[in-house]
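# Structural characterization, general
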Amino acid sequence: MAAPRAAPPRRPPAPRRPRLLPLLPLLLLLLPAPSGGLDHSAELAFAVEPSDDVAVPGQPVVLGCRVEGTPPVRITWRKNGVELSESPHSTMLANGSLMIRHFRLDEGDSPSDEGDYECVAQNRFGLVVSRKARIQAATMSDFHVHPQAVAGEEGGVARFQCQIHGLPKPLITWEKNRVPIDTDNERYTLLPKGVLQITGLRAEDSGVFHCVASNIASVRVSHGARLTVSGSGSGVYKEPAILVGPENLTLTVHQTAVLECVATGNPRPIVSWSRLDGRPIGVEGIQVLGTGNLIISDVTVQHSGVYVCAANRPGTRVRRTAQGRLVVQAPAEFVQHPQSISRPAGTTAMFTCQAQGEPPPHVTWLKNGQVLGPGGHVRLKNNNSTLTISGIGPEDEAIYQCVAENSAGSSQASARLTVLWAEGLPGPPINVRAVSISSTEVRVSWNEPLVNTKEIIGYVLHIRRAADPPELEYQEAVSKGTFQHLVGDLEPSTAYSFYIKAYTPRGASSASAPTLASTLGEAPAPPPLSVRVLGSSTLQLLWEPWPRLALLRGGFKLFYRPASKASFTGPIVLPGTVSSYNLSQLDPTAVYEVKLLAYNQHGDGNATVRFVSLRGASERTALSPPCDCRKEEATSQMSTTGIVIGIHIGVTCIIFCVLFLLFGQRGRVLLCKDVENQLSPPQGPRSQRDPGVLALNGARLGDRDQLGRDGKRSDMKELEQLFPPAGAVGQPDRGPGLSPSPSPSPTQDAAAPALCEETPLSMLPLQGFGLREERTSEAKAPCAGLTAAPPPQDAGSGLLSEGHAARPSSAPAAQPALSGQ
């Protein structure tokens, strides 16, 4: 928010002391008591509690206290936790307040009256203690910061500061030339923390300034500081600057926060305030004092945060910032009070107390004014906000107080527990005994109560381990005619606590005296074991640690041997807290048997056995020799080339496989008759054709070998028709079903041969292409163009691509023919 022009300066509102409201009587839950019920007046509570105060030595001090409750009520006082005795120096008034006639400090034999005071009230139902009130003596220290001399220019800013400690907080005023300054002067700003700001300096502001601090203890005057005002320098440009920024403050709710910000510059900068978290500062209780000091009256916890003061040069984005943190504390206050309750004997009573504050308060419980901690049948949960008392009896009937306290203050609330006793309830069972039967069973026996046994409907046996807290207790019910019970599923070598209650339709008896018994011991169970191979000669054994074995003078025993041997190595004795062990220097070729067992004072338990082989680890080590980095570096380029060639070959094979599947579905392939005319004589019947042509087309399987032997007699012109050499012109047009080459070239264009017969593709022999390989091996001149032809990448219709002879995808042996061998 931008800082508006200040109103005529005035002293900021004085900080308000925390308001201490009387604690109103609590609305308590009243349940009928055997005597006919409880009324409101039976609840003992404070109507007025003592409050913190600052006393002047030699002056009287009164600490207020007023109590409501069923009379007679006895009131006493404690100082620092110790009860005060009546004396002429301190007297209790008729209404319960305490008056100290002449407050004194520590003087030889007379102790100081400073300390923490509590009012204590008691009637026949219980006892309550008030909040603590701290009484301190008024003091005034010497100045530890005196104002310093200042020299300024006309129109500029001057600032004086003094600091002094005192109780109560001193009131700071200022004098100029031994005359109190005029607080109505709008150019003079007085801040409560001892700061004087003078803006728009003039020559008449020159003089000597003194800081005056006063409280009920004393008045002190600081050293003088001279202000010297020189000629005007208003025509000189000055960058905006923050002379003094906000300080970090810690306050209590309802106090006043003063965040100082003094900025200079020419032209005069504009001061604005914001919160670092982006939340709005608000309007209520907010004002700007002087030229940029932020005042927050009646602070709350929501005002806590980091505040940023910014000084902006008018009309530009030039700015300077400073920041300070404000922390607002709140004394503890209750959001849920404990409620008075009435419960039958033997049942459970619960009180809940929730408090809030800043910082979060700590909660403690009192029973009749004494601190109550967990233990026995008393439990505290949820950060002490819940008090649970199980198996209540006459000794639990009391007033319970919840005390919430933090650094900002404390508060208390109380509630009463009434234990109801029905007429004719049986007494507690007697002669309770517990005898161990085995490592997991204990037999508990008892005799019926001495009185009121006719209405008993059963017994309840309460069981827990002796080392466990009461909340881990569990129960087992027993019929009314049974006076012993076998408790099973217990842990070996463990102590247990047992007690019994008798139940009637009207309630339970009080608990019997508890008895203890320990289960018998036994050897431990086999431990879970896992084995890990760390190397060719090392094994790691892993299992769960059993710390309890150490309590029973036990641990682990480890044995191992090669499976081929009869005797074990061991035992290797290990403590119960160990969970692993390494076996090294083993035979890499052997199979080992490993055995682990747990033992205690009762003997050895059963063993866990594992068999493990080191052969696999040894073989893996042999198959993984160290790398020859120099060899790999030398062959890296060759490996890259091989990878590229392999990828091309793989892609080619995949393409031909797809073509083979496609033509297998179609069943037959029609081959163009124009190619037949090129392969056969222009005239004559089929039977007179050159057998070599039939061999090329796979029509005469029986003559393939003969054609291979007589291949040298083939006419070179026939090869030239199939594979024209580079540079040939006038090639015939492609027939139907031809596939273009990935890199078509006029010098490599050729017609694709085809069969006139409908020949199944599966009937084409792989060897039918061997003639071309033999022919091209001898007729090197006509096939010169094949060497430069790229490998086929477009399958087309499965016939010849430009510059290549067709072959099935499953005939890798034909590859040399395409390479021009």
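Residues numbered from 1 in each chain as written. Predicted model: local features only at pLDDT ≥ 70, side-chain atom pairs only at ≥ 80, totals over all residues. Heavy atoms only, no water.

### Some words on the state of the cysteines
A complete count under the given rule lists four disulfides for this structure. Linked covalently through their sulfurs, C162 and C211 form a disulfide whose S-S length is 1.9 Å. Remark: C211 occurs in strand β20 (residues 207-214) and C162 occurs in the loop between β14 (157-161) and β15 (166-167); sequence separation between them is 49 residues. Exposure class is identical for C162 and C211. Each is buried. (Disulfide = S-S within 2.5 Å. Helix = DSSP H or I, 4+ residues; strand = E, 2+ residues; numbered from the N terminus. Buried < 20%, exposed > 50% of the residue type's maximum accessible area, 1.4 Å probe, protein only.)

### With respect to the confidence of the model for the chain
Predicted confidence across the chain gives a mean pLDDT of 76, with 72% of residues reaching 70 or more. Note on residues 621-636: pLDDT is under 50 here. Beyond four places in sequence and across chains, it has two contacts. Note that pLDDT drops below 50 for residues 668-723; the model gives that stretch 76 contacts with residues more than four away or on any other chain. (pLDDT = per-residue confidence, 0-100. Contact = heavy atoms within 4.5 Å.)

### A closer look at unusual backbone geometry
The peptide bond linking N266 to P267 adopts the cis configuration, its omega dihedral lying at 5°. With respect to the secondary-structure elements, P267 resides in the loop between β26 (262-266) and β27 (270-275). The phi dihedral of N383 is positive, around 55°, even though this residue is not glycine. Structurally, N383 is set in the loop between β37 (378-381) and β38 (386-389).

### A few points about the pattern of salt bridges
All chains considered together, the criterion is met by 18 salt bridges. We note a salt bridge from E260 to K193, for which the minimum N-O separation is 3.0 Å. Taken together, the residues span a long stretch of sequence, with E260 in the loop between β25 (257-259) and β26 and K193 in the loop between β18 (188-191) and β19 (195-199) at a distance of 67 residues. The class of E260 is buried, set by a relative accessible area of 0%. Linked by salt bridges that have partners in common, R159, K193, E247 and E260 make up one network. (Salt bridge = Lys/Arg side-chain N within 4 Å of Asp/Glu carboxyl O.)

### With respect to the packing of aromatic side chains
For the structure on display, the rule yields ten aromatic pairs. These aromatic residues form a ring-pair network of at least three members: F160, W174 and F209. Positioned above the aromatic ring of F559 is the side chain of K595, whose terminal nitrogen or guanidinium carbon lies 5.1 Å from the ring centre. Directly above the ring of F568 sits K595, whose terminal nitrogen or CZ lies 4.4 Å from the centroid. (Phe/Tyr/Trp six-rings, centres within 6.5 Å; stacked < 30°, edge-to-face > 60°. Lys NZ or Arg CZ within 6 Å of the ring centre and 35° of its normal.)

### Quick notes on the sheet that holds strand β49 (residues 529-535)
Picture the strands of a sheet paired through backbone hydrogen bonds; they go either parallel or antiparallel. Read across the open sheet, the three strands follow the order β49-β50-β53; overall the sheet is antiparallel. Of all the strands in the sheet, just β49 and β53 (580-583) have a single pairing partner and so form its edges. Along the sheet, successive strands turn relative to each other by an average axial angle of 20°, direction set aside. When β49 meets strand β50 (residues 538-543), the two strands line up antiparallel, connected through six bridges. Along β50, the bridge assignment pairs V531 with L541. (Pairing = 2+ DSSP bridges. Axes fitted to C-alpha atoms, helices over the stretch in contact; angles between N-to-C directions.)

### Concerning the side chain of N215
For N215, the position within the fold is in the loop between β20 and β21 (219-221). Using a relative accessible area of 14% as the deciding quantity, one classes N215 as buried. Among the polar contacts listed, one links the side chain of N215 to the backbone oxygen of L167, at a separation of 3.3 Å. (Polar contact = N/O pair within 3.5 Å; in protein donor to acceptor, adjacent residues only side chain to side chain.)

### Concerning the nonpolar core
One finds F351, W365, L387, Y400 and L417 to be the most contacted residues of the largest nonpolar core, which totals 23 residues. Put simply, the parts of the chain that give this core at least two residues each are β31 (319-336), β33 (349-352), β35 (362-367), β37, β38, β39 (398-406) and β40 (409-420). If near-sequence neighbours (up to four positions away) are discounted, L417 is found in contact with I341, A349, F351, I389, I392, D396, E397, A398 and Y400. (Core = buried A, V, L, I, M, F, W, Y, C linked by side-chain atoms within 4.5 Å.)

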